[in-house]
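# Overview (structure and organization)
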Amino acid sequence: MSNKIKVLCYSPYNAWELHGMWEITILHALQLRGSEIKHVLCNGVFKACDMYWDATRPRHAMSCTECQAQTSSLSARMGMPFEGLSKYINTDEYQLSYDYIKKLGIAEYKTAKFGNWEIGEWVKASLHRHFRTDEIDLSDNRVIEVYANYIESALLAAHGLSRIIKEYNPDIMLLFNGSQSSCRVALELAKEKNIDTYLHERGFIHESIWLLKNQAFEFDSNRKYKEVWNKWKNIPLTQSELVVITNYLDQIKNGMGQNWKSYSVNERLGGKNIRKLYNLNENEKIWSIFTSSTDEMASSDSKYIFDTQIDWIEETIRLAIKHNQKLFIRIHPNTGGKVSTGVNSGALITFNKTIEKYICYRNLIHFILPDDEVNSYDLMEITDIGITYGSTVGLEMACMGKKVVVCTEAFYDNLSFVWTLRNKQKYEDLLLFAARLEDAMETKRQSLRFAYYYIFRATSIPFPYVKMPDPHNGILNYTTLDDLLPGKEKNLDRICNIILNNEEIIPTSQYSEEEIEKNKILESKYLL
């Protein structure tokens, strides 16, 4: 009997080759450390999947053929044997899945279950992304058709993957993302059998990956990081760490350093020029709202203070009018513009209606649409209070020493460097109270610590084996599998130890008390 650790890797989306290169490189490294690998690709099984969204890349007659060609080619080029999922789906299960959706009422789609499989819930995130929508509209025939296809496809995936798990009996599963349709199915089936699943995504920093254990990459996964943050929040940054995080924040202001495309599409004009553009006095206090791309979080169970983002915006407008307060409303660039991934047309329509509604206050309330010429970082520069709906901008502003009010659950809400709204009846009081207080240095200290922790410790493991000429493409940066052997590269060793030896994904502090006290002094000097 073999004592090898058996790793099952289900890879339906390796036509996104960058992710596939990361994944197959990790599989080779695990194999070189004594693991047994079973690599399973999709081979044209599904009527709907996340490779082809109506909002970005509609499905066509050759979609599955092209995708299979790409995924099989990548595995062949990288020397990773694979099997197709269809091998594990019985012929009668295709008819069973088809019959199931035909018998299911449309009103039952969202809560659809097959035995213990909560299929309707598992594909929900894919529906929101497929159409770039905050709400799943079951009065729309196209939405009904696609939802039915996702449910039928997820049921097929569940039949095939449950059979693989039963026959192969893996110790560990490796997956991409875990929130999207059949990947979510795989994660849930692994949980059911108490199989530890490691999920990968692109990290925050350039050429890095992000790992999670037994948890999909959804908005809700951020809660975990605040728990571990409690072990780090009193640990000062070293001088080199301060330089790293401040350089990183400077880079992203100029559209560089990230592992995804930049939403800063306009050249910076500088805060003074923005004030001139809007005829603002030098000392005039500015409130700025930064919205979020809400369809990306629509499937989560986040805790909302306001019923919708637009309700929050309108309440902020009401308070700004009441107090004769200049208010800027920056619509998130990914809502729909020249750099967005698809368009959330429903959100844009709502925003445009809101602009018309308050047009008579245009000298007080300023809307900035995704493609308007104002750079978000110039707006941040002149802002006195930044008000967010969970956007990453909130953390960036805190790192500038700015006052930030966060009005929904976020990866940085309820932390010491922001004001967190917990009750919408207290919103006015919170905004006015935050406006009066000044402690920029302590805000910067705590927010920079958290930013370094979150970006460099929690969500980014450098991956030098795949170079990224742009956010979508990868180039392998090794020539033989010997380059992946233990001891060759510390970050790959760490990834393998996390997967095979249950090493902590987020490391704990190794600084001595003496080092901590020394770094506190250096940190204070740096921030002066």
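Now for a look at the structure at hand. (Residues numbered from 1 in each chain as written. Predicted model: local features only at pLDDT ≥ 70, side-chain atom pairs only at ≥ 80, totals over all residues. Heavy atoms only, no water.)

### Looking at the nonpolar core
Proteins that are soluble and globular tend to have nonpolar side chains buried together. Core analysis: the largest hydrophobic core is formed by 108 residues, its most contacted members being L127, I151, L161, I245, Y412, F450 and Y453. Counting residues per element, this core draws most heavily on helix α6 (residues 141–168), which supplies 16 residues. Those residues in contact with Y453 that lie beyond four places of it in its chain are Y225, V228, W229, W232, A458 and I506. Of all hydrophobic cores here, the second largest spans 33 residues; its members include M80, L211, I498 and I505. (Core = buried A, V, L, I, M, F, W, Y, C linked by side-chain atoms within 4.5 Å. Buried < 20%, exposed > 50% of the residue type's maximum accessible area, 1.4 Å probe, protein only. Helix = DSSP H or I, 4+ residues; strand = E, 2+ residues; numbered from the N terminus. Contact = heavy atoms within 4.5 Å.)

### Thoughts on the environment of Q425
Position of Q425 among the secondary structure elements: in the loop between β12 (419–420) and α15 (427–436). Q425 sits in the exposed class, given a relative accessible area of 63%. On a C-alpha basis, the gap between Q425 and I305 in space is 9.8 Å, while along the polypeptide they are 120 residues apart.

### Describing helix α12 (residues 345–357)
Taking 1.5 Å per residue, 13 residues should reach 18 Å; α12 reaches 18 Å between its end C-alpha atoms and fits that length. Looking only at α12, the buried set comprises A347, L348, F351, T354 and I355. Along the axis of α12, the buried positions cluster into a sector of 125 degrees, meaning they face one direction only. Away from its buried face, by an angle of more than 90 degrees, α12 presents the exposed residues K353, E356 and K357. If you follow the buried residues of α12, they end up packed against α11 (309–322) and β9 (365–368). (Expected span 1.5 Å × (residues − 1). Arc of directions from axis to C-beta.)

### Some words on the environment of T388
The residue T388 is located in strand β10 (residues 385–388) in this model. A residue is classified by how much of its surface remains accessible, and T388, at 0% relative accessible area, is buried. In sequence terms T388 and I289 are 99 residues apart; their C-alpha atoms lie 5.8 Å from each other. Setting aside residues up to four positions removed in sequence, T388 forms contacts with F290, W312, G394, V404, V405, V406, C407 and Y412.

### A short note on the sheet that holds strand β11 (residues 403–406)
Either a parallel or an antiparallel arrangement is found when strands of a sheet pair, and the pairing is made through backbone hydrogen bonds. The strand order across the open sheet formed by 6 strands is β9-β8-β7-β10-β11-β12, and the pairing between neighbours is parallel. Only two strands of the sheet have a single neighbouring strand rather than two, namely β9 and β12. Two elements, β10 and β11, share 4 bridges in a ladder whose sense is parallel. When the bridges of β11 are listed, G386 appears paired with V404. On the sheet, α15 packs against β7 (286–290), β10, β11 and β12 and is oriented at approximately 165 degrees with respect to β11. (Pairing = 2+ DSSP bridges. Axes fitted to C-alpha atoms, helices over the stretch in contact; angles between N-to-C directions.)

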